[in-house]
Protein chains: 2
Amino acid sequence: MLKKVVYPDRATWPELIKRPVQEYETIEEQIKTVFNQVRDNGDKALLDFTAQFDKVSLNSLLVTPEELKVAAEQIPQELQLAIRQACANITAFHESQREVKFPIETMPGVRCWRKSVAIEKVGLYIPGGTAPLFSTLLMLGIPAKLAGCQEIVLCTPPRQDGTIHPAILFTASLLQISTIRKVGGSQAIAALTFGTESIPAVSKIFGPGNQFVTVAKQMAGKYGVAIDMPAGPSEVLIIADETANPAFVAADLLSQAEHGVDSQVVFVTNSEKLLSLVEESLKEQLNNLSRKAIAAKTLTNSLGILLKDSTEMLAFSNLYAPEHLIIAVKEYEQLAEKITNAGSVFLGEYSPESVGDYASGTNHTLPTNGYARVYSGVSLDSFVKKITYQHLTPQGLQLIGPTVEVMADAEGLDAHRQAVSIRLKSLSHV
Amino acid sequence: MLKKVVYPDRATWPELIKRPVQEYETIEEQIKTVFNQVRDNGDKALLDFTAQFDKVSLNSLLVTPEELKVAAEQIPQELQLAIRQACANITAFHESQREVKFPIETMPGVRCWRKSVAIEKVGLYIPGGTAPLFSTLLMLGIPAKLAGCQEIVLCTPPRQDGTIHPAILFTASLLQISTIRKVGGSQAIAALTFGTESIPAVSKIFGPGNQFVTVAKQMAGKYGVAIDMPAGPSEVLIIADETANPAFVAADLLSQAEHGVDSQVVFVTNSEKLLSLVEESLKEQLNNLSRKAIAAKTLTNSLGILLKDSTEMLAFSNLYAPEHLIIAVKEYEQLAEKITNAGSVFLGEYSPESVGDYASGTNHTLPTNGYARVYSGVSLDSFVKKITYQHLTPQGLQLIGPTVEVMADAEGLDAHRQAVSIRLKSLSHV
């Protein structure tokens, strides 16, 4: 099952926290071709690539009103309610991130403030594949709407029958996202980068995807389009002590393991007994899973690390900088205070990661691959710029002007000084 | 002087807002060599490159306590006071950006919050060259300190005599930045990326620089190091109407023009008369500048655009997305409300850009090259991650659990559902 590591020396930690290296260079040429084709041939290239890569022949990338209507009818009432509840919670939490304008006077007559202004055009990419990730659409669409982005373009690949999964369409309707396009893969990212007849170019692209999408998003950056964050396989690190429920820990490890065989699953404990019990429970629970094969394979690459005490567990976690961190120790609040690197933290016995993945309110688009050391997860901030403003009264300028003159002089920037001096002079003549 | 454009048709605007294309590919190979050398040979490579590029032979990259002491004595009292005043204002404004922890209950028993946590290790790059940019050190060092970054590494190239400009050293001392290294150019960025004997590797690199530094920062990104924002030449756009003072407008245009011949200077007005008067004043003021040659050259590439009315001026500015925007019209407040794309905005007659460049409190590290559509300038946020947290009570999980189970099911993620179900089951047995 888990690769067990018992009381590893600190010198070996840097090796333990290493993620598998993502080698993308081999597909860069292919993505470059896709970008060039989409830039030159627009929608036609998109339809061609969709036929080639997705094996679906479409006449149009658009979703018909009929398709939208049918989608709502296909979603069971229970799922509709669940999505609405998640939507309400995610909205509430992201609304709480709104920054209020708060002007301050740094000196009398010198007023500065900043204001959050929506990024006008954003693209949301929702992958296809086995699972229809309507939850990711909630995580990206809700803050985009709250921020007030004027153009929100949703791209998602069509299924074999040329339609989009109804849960995605239902969620898009709920969020009032009306620009929905049936296109996936690197061609979708290229379309959002350059714009085509049916897809507007955007300033920032959000969303997960496979290696082709990842490389395409990097390439979009070269054309001046921003992206949400660098991508990598999903991760969880669980810190647990002898008070933790082994079955809960095992269930949380499995919920990460089922994502894909490249998922990173790390279990850190100071209790040898818990480590054994968790291993037993893993075996037991694994048998009941539909994605058993994937989860079992992932576990063979996963770590079960025995460490001395809380201090070591904390240090290891901060060094690892996990995307998701579950703290299932008795004194979880004290440990939580000392977390320096993590995407999202789940505290105590009754806060499984899956609650945050779907519905508690926090965002599930989070930094992986150690990027939690420096990046935040997606939030309302991801959809706005914060523009600074300043206004000086004549008296304010008289007060601060001499400071600016002296500094500009010292940096040898004459004209910078002059822009102040000429105004001060005019005021002294009044 | 200015390139005049009279009532340009909207169809021509996309051409007008174009910035010169930065072609960096030719130096990429050179930078790659520098990176490899620094990774393999550490400090020795840095000393070699410093000899080669900066023509300075150093024995050590470190600054001696003696050098620091001497620096303070070399700074005139007046400049010391000015730097202290600027420091106070910048501190006040950036302190106001601090986010307070604000937990919310999205449902009873489901508590979510986020917390700003400093990025542990950051690198600040301050270029050498003609002007000692101690103001940029204030703009980067103050928020880094306020955020609580534990390791702040300042790299700046030595002067011909092997020392660092005393104003930089004085400012570093004032900010209590103690890790100061005499190294510049792409080799400094490489050192911050990989770490060397005397330079710690960092997670994020901030600061301006020439094309070598710009390409090196891009390359740092490939090694997992974050950067403040994509770089480009500095810009100002001024919107002014007939009420504006032509001499003030001209002075502001010149203060941008003196930065360098690649500076972008755009003047937009609805008053033909003002346009003429500004041109006259430009000629007059130009003669008094020490950097006259640079400013004059820049102006020949600069635009003076006559537009119909406020609506057009606003639309043009939002399309251009300037780094600095000065609004010198009578109703500047109304116009300011409608700005959607800009780095920093200066309102009214007495708010020249140079005040914000140095001392009012706002940050002067701002998005250029149209990136103001999507990026914010440097702020306290740039030095922190915002980690989300959640805690559920057993009752909270009972309330939200079924929602998560239904959604996980619909996405085909069994183990995600199980992580909730197993807990709900245990609670129902209590």
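See above for the structure.
What you are looking at is a predicted structure, and each value in this text was computed from that prediction instead of being measured.

Opposite the 113 residues of chain A that make contact, chain B presents 113 residues. The largest share of the area that chain A buries against chain B comes from A:Y350, A:Q390 and A:E411, three residues that together contribute 8% of it. Where chain A touches chain B, the interface holds 8 salt bridges. With its nearest N and O atoms 3.4 Å apart, the salt bridge here joins A:D381 to B:K386. Between chain A and chain B we count 62 residue pairs in polar contact (both at pLDDT 80 or more) in total. For the side of chain A that touches chain B, the leading source of residues is helix α16 (residues 414–428) of chain A, giving 10 residues. Where strand β14 (residues 384–392) of chain A lies against strand β13 (residues 344–347) of chain B, 4 bridges are found, and the strand directions are parallel.

Here we come to unusual backbone geometry. We note that A:N369 has phi near 60°; this positive angle belongs to a residue other than glycine. Within the fold, A:N369 resides in the loop between α14 (353–358) and β14. The phi torsion at B:A321 lies on the positive side, around 55°, for a residue other than glycine. By secondary structure assignment, the location of B:A321 is in the loop between α12 (310–320) and β12 (324–328).

A word on the sheet that holds strand β4 (residues 121–125) of chain B. Residues and elements named next belong to chain B. Across the sheet, 5 strands lie side by side as β6-β5-β4-β7-β8; this open sheet has parallel pairing. Since the sheet does not close on itself, it has two edges, and those belong to β6 (179–182) and β8 (226–227), each with one partner. Pairing geometry for β4 and strand β5 (residues 151–156), over 5 bridges, is parallel. Looking across to β5, one finds that K121 is bridged to E151. The strands touched by helix α7 (residues 185–194) are β4, β5 and β7 (204–206); relative to β4, the strand with the most contacts, the crossing angle is about 175°.

Another point: the sheet that holds strand β14 (residues 384–392) of chain B. Within a sheet, adjacent strands bond to each other through the backbone by hydrogen bonds, running parallel or antiparallel. Strands sit in the order β1(A)-β11(A)-β10(A)-β9(A)-β12(A)-β13(A)-β14(B)-β3(B)-β2(B) across an open sheet of 9 strands; the sheet is mixed. If you trace the sheet from one side to the other, it starts and ends with β1 (3–6) of chain A together with β2 (104–107) of chain B, each paired once. Averaged over all pairs of adjacent strands, the angle between strand axes in this sheet comes to 20°, irrespective of strand direction. Bridge count for strand β10 (residues 264–269) of chain A against strand β11 (residues 303–306) of chain A is 4 bridges, and the pairing is parallel. By the bridge assignment for β11(A), A:V268 is matched with A:I305.

Scoring rules and cut-offs
- Residues numbered from 1 in each chain as written.
- Chains lettered and ligands numbered in written order.
- Predicted model: local features only at pLDDT ≥ 70, side-chain atom pairs only at ≥ 80, totals over all residues.
- Heavy atoms only, no water.
- Contact = heavy atoms within 4.5 Å.
- Buried area = accessible area lost by both parts, 1.4 Å probe.
- Salt bridge = Lys/Arg side-chain N within 4 Å of Asp/Glu carboxyl O.
- Polar contact = N/O pair within 3.5 Å; in protein donor to acceptor, adjacent residues only side chain to side chain.
- Helix = DSSP H or I, 4+ residues; strand = E, 2+ residues; numbered from the N terminus.
- Pairing = 2+ DSSP bridges.
- Axes fitted to C-alpha atoms, helices over the stretch in contact; angles between N-to-C directions.

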